[in-house]
Amino acid sequence: SQELEQSPQSLIVQEGKNLTINCTSSKTLYGLYWYKQKYGEGLIFLMMLQKGGEEKSHEKITAKLDEKKQQSSLHITASQPSHAGIYLCGADIGPDSWGKLQFGAGTQVVVTP
Amino acid sequence: DTAVSQTPKYLVTQMGNDKSIKCEQNLGHDTMYWYKQDSKKFLKIMFSYNNKELIINETVPNRFSPKSPDKAHLNLHINSLELGDSAVYFCASSQEIAGQGAYPSYEQYFGPGTRLTVT
């Protein structure tokens, strides 16, 4: 089955600093989804990247997909307290199971003053 | 307006009981899902329905039975609850979007979750 590994498991960053989270797959990435979860709440969709490699940005968040490395990265520029939460990557495992997302274990982000 | 809603938000019950969690989406999506998030925050898909038809059924005990009365609702019934069933259960919905190239994308919208505690 698809294995998704996220790194780091957690990180603490000072407000205003940049941060990067990685998501590496053991198998082909057909679609890679980034979500953010705040404690006690559901997941909020951030971005989706497709097989073939691409890069998307929204406000201060940029996500990239490196097809060769089977890896996606999520980069936050000039972090703010609102960026705190758990970031999860989810992968579409392919033609036999479209929409059946498998998720990584998540990265907890803490933003300090 | 809430896009994907779940009830109840919290559920505390004793082992052996039967309970249900309800989910409704007002996005007009064709596909709905149930996920389980354990204490380590690991999120795992359980079921998926497309237009009231079961399309994904992961290795989940038979005590868990999803029911979709219409495409806007997907309920989860759990029989004979066990301690290991304690988790947060998330409902989600999606619509297939024609992606770039040959692959569709399924942007899933999640509900707020139901925290189930079995004592």
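Residues numbered from 1 in each chain as written. Chains lettered and ligands numbered in written order. Predicted model: local features only at pLDDT ≥ 70, side-chain atom pairs only at ≥ 80, totals over all residues. Heavy atoms only, no water.

Turning our attention to the overall build of chain B. Counting its secondary structure elements, chain B contains zero helices and 13 strands. Of the regular secondary structure in chain B, the N- to C-terminal order runs β-β-β-β-β-β-β-β-β-β-β-β-β. What you see for chain B is a C-alpha radius of gyration of 14 Å, in line with the 14 Å of a compact globule of 119 residues. Reported as C-alpha extents along the three principal axes, the dimensions of chain B are approximately 50 × 25 × 25 Å. (Helix = DSSP H or I, 4+ residues; strand = E, 2+ residues; numbered from the N terminus. Rg over C-alpha atoms; globule rule 2.2 N^0.38 Å.)

All right, on to the pattern of salt bridges then. Once their charged atoms are close, side chains differing in charge can pair, the charge on each being opposite to the other. Residue and element names in this part refer to chain B. With the rule as written, the count across this model stands at three salt bridges over all chains. Put simply, Asp30 and Lys71 hold a salt bridge, and the shortest N to O gap is 2.8 Å. Of the two residues, Asp30 is situated in the loop between strand E3 (19-25) and strand E4 (31-37) and Lys71 in the loop between strand E7 (64-70) and strand E8 (73-78); the sequence distance between them amounts to 41 residues. Residue Asp30 is classed as partly exposed on the basis of its relative accessible area, which comes to 21%. In this structure, Asp85 engages Arg63 in a salt bridge whose closest nitrogen and oxygen atoms are separated by 2.8 Å. Here Asp85, found in the loop between E8 and strand E9 (87-94), pairs with Arg63, found in the loop between strand E6 (53-57) and E7; they are 22 residues apart in sequence, far enough to count as distant. Judged on exposure class, the residue Asp85 and its partner Arg63 are both buried. (Salt bridge = Lys/Arg side-chain N within 4 Å of Asp/Glu carboxyl O. Buried < 20%, exposed > 50% of the residue type's maximum accessible area, 1.4 Å probe, protein only.)

This structure, assessed with the given rule, holds two disulfides over all chains. Residue Cys23 of chain A pairs covalently with Cys89 of chain A via a disulfide, S to S 2.0 Å. An S-S torsion of about 75° defines the bridge between Cys23 of chain A and Cys89 of chain A as right-handed. Separated by 66 residues along the polypeptide, Cys23 of chain A in strand E3 (residues 19-25) and Cys89 of chain A in strand E9 (residues 85-92) bring together distant segments of the chain. We note that Cys23 of chain A, like Cys89 of chain A, is buried. The partner cysteine of Cys23 of chain B in its disulfide is Cys91 of chain B, sulfur to sulfur 1.8 Å. Judged by the sign of its S-S torsion, about -75°, the cystine formed by Cys23 of chain B and Cys91 of chain B is left-handed. Here Cys23 of chain B, found in strand E3, pairs with Cys91 of chain B, found in strand E9; they are 68 residues apart in sequence, far enough to count as distant. (Disulfide = S-S within 2.5 Å.)

Residue and element names in this part refer to chain B. Mapped onto the elements of the fold, Tyr35 is located in strand E4. Along the primary structure Tyr35 and Leu74 are separated by 39 residues, whereas in three dimensions their C-alpha atoms are 12 Å apart. Here Gln108 takes part through its side chain, which lies 2.7 Å from a polar atom of the side chain of Tyr35. (Polar contact = N/O pair within 3.5 Å; in protein donor to acceptor, adjacent residues only side chain to side chain.)

Turning next to the nonpolar core. Counting 21 residues, the largest nonpolar core has Leu19, Ile21, Leu32, Trp34, Leu74 and Val109 of chain A as the members making the most contacts within it. Grouped together as the second largest cluster of nonpolar side chains are 20 residues, Trp34, Leu76, Ala87 and Cys91 of chain B included. (Core = buried A, V, L, I, M, F, W, Y, C linked by side-chain atoms within 4.5 Å.)

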